[in-house]
Amino acid sequence: MLRQSPAPGRCTGQGREERDASNDSLRGRAARFVVAGGAMSIFYLALTALLAIIGVPFQAALLVSFLSAVALHFTLQRVFVWSRRGNYALPLRQQLQRYLPLVTFQYLTTAAATATLPKWLGLPVLPVFIGIALSYSLFSFLFFRARIFHAAVESSASDGQQP
């Protein structure tokens, strides 16, 4: 009787509370960001490499892979990484209006760098591409947290502090 009644109820309830607290913590969000970013990066890098290996010109492979990865990335950020934070301060349309210029800038700098840096550095294009893709991770996490996928509660609090 002691094994069946108290243990399952307590474990289940405690697990949910801990999981919810983890989801709202910076550590929980960062962990989900890493998982989503890792999945998206593997998809992006693999698709780009595959297309390049089968003979698609690298810049064309980069564009196709980038557009596919953007759709996957935005979806993962919105429904997996930041979804547990309550209501968003910005509606979907405004999130996209902030998200798309950022990824457009990332695409343009990645395309320019992969077109020029391999020659200047004497490196193959894929290592340059991987280095650039990885360099955006920390910046993206901070930007998304503060400017795109922030919760309505945080937005109201910051508005109240600024006269």
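Residues numbered from 1 in each chain as written. Predicted model: local features only at pLDDT ≥ 70, side-chain atom pairs only at ≥ 80, totals over all residues. Heavy atoms only, no water.

## Side note on the overall build of the protein chain
For step 1, the next point in the chain: Across its full length, the protein chain holds six helices and zero strands.
For step 2, the next point in the chain: Evaluated residue by residue, the protein chain yields a buried proportion of 31% over its 163 residues.
For step 3, the next point in the chain: Summarising the internal contacts of the protein chain: among those between residues at least 6 apart in sequence, 71% fall at separations of at least 24.
For step 4, the next point in the chain: Accessible area of the protein chain: about 10200 Å², with a carbon and sulfur share of 66%. (Helix = DSSP H or I, 4+ residues; strand = E, 2+ residues; numbered from the N terminus. Buried < 20%, exposed > 50% of the residue type's maximum accessible area, 1.4 Å probe, protein only. Contact = heavy atoms within 4.5 Å. Areas by Shrake-Rupley, 256 points an atom, 1.4 Å probe, with all protein chains shown as cover.)

## Structural notes on the packing of aromatic side chains
For step 1, the next point in the chain: Under the criterion given, the structure shown has 12 aromatic pairs.
For step 2, the next point in the chain: Between the aromatic rings of phenylalanine 144 and phenylalanine 149, the centroid separation amounts to 5.7 Å while the plane-to-plane angle is 80 degrees, which identifies the pairing as edge-to-face.
For step 3, the next point in the chain: Overall, the relative accessible area of 1% leaves phenylalanine 144 in the buried class.
For step 4, the next point in the chain: You can call phenylalanine 149 buried: its relative accessible area is 0%.
For step 5, the next point in the chain: Three or more aromatic residues link up through ring pairs in this structure, and these residues are Phe33, Phe74, Trp82, Tyr88, Tyr99, Phe141, Phe144 and Phe149. (Phe/Tyr/Trp six-rings, centres within 6.5 Å; stacked < 30°, edge-to-face > 60°.)

## Brief notes about the environment of serine 65
For step 1, the next point in the chain: Along the chain, serine 65 turns up in helix α3 (residues 58-81).
For step 2, the next point in the chain: Look at serine 65 and you get buried, because its relative accessible area is 0%.
For step 3, the next point in the chain: Placed 17 residues apart in sequence, serine 65 and threonine 48 show a C-alpha to C-alpha distance of 5.5 Å.
For step 4, the next point in the chain: Ignoring sequence-local partners within four residues, the contact set of serine 65 consists of Tyr44, Leu47, Thr48 and Leu51.

## Digging into the packing of helix α2 (residues 26-53) against α3
For step 1, the next point in the chain: In the contact formed by α2 and α3, the axes pass within 9 Å of each other and the chain directions differ by 160 degrees. Classified by the angle their axes make, α2 and α3 are roughly antiparallel. Note on packing geometry: the crossing formed by α2 with α3 is right-handed.
For step 2, the next point in the chain: Here the contact of α2 with α3 is composed, by residue class, of 19 nonpolar, five polar and two charged. (Axes fitted to C-alpha atoms, helices over the stretch in contact; angles between N-to-C directions. Parallel < 35°, antiparallel > 145°, perpendicular 65-115°, else oblique. Left-handed = near helix turned anticlockwise from the far one by under 90°. Nonpolar A, V, L, I, M, F, W, Y, C, P; charged D, E, K, R; others polar.)

## Thoughts on the side chain of glutamine 95
For step 1, the next point in the chain: By the secondary structure assignment, glutamine 95 is in helix α4 (residues 92-121).
For step 2, the next point in the chain: A polar atom in the side chain of glutamine 95 sits 3.4 Å from the backbone oxygen of isoleucine 148.
For step 3, the next point in the chain: Those residues in contact with glutamine 95 that lie beyond four places of it in its chain are Phe74, Arg78, Tyr88, Leu90, Ile148 and Phe149. (Polar contact = N/O pair within 3.5 Å; in protein donor to acceptor, adjacent residues only side chain to side chain.)

## Describing the confidence of the model for the protein chain
For step 1, the next point in the chain: The pLDDT averaged across the protein chain works out to 79; a share of 77% of its residues lies at or above 70.
For step 2, the next point in the chain: The spread of mean pLDDT over the elements of the protein chain runs between helix α1 (residues 6-24), the lowest at 44, and α4, the highest at 92.
For step 3, the next point in the chain: Every residue in residues 1-23 scores below 50 in pLDDT, and together they form 10 contacts with partners more than four places removed in sequence or on other chains.
For step 4, the next point in the chain: Per-residue pLDDT stays below 50 along residues 154-163; that stretch engages in three contacts with residues further than four places along the chain or on separate chains. (pLDDT = per-residue confidence, 0-100.)

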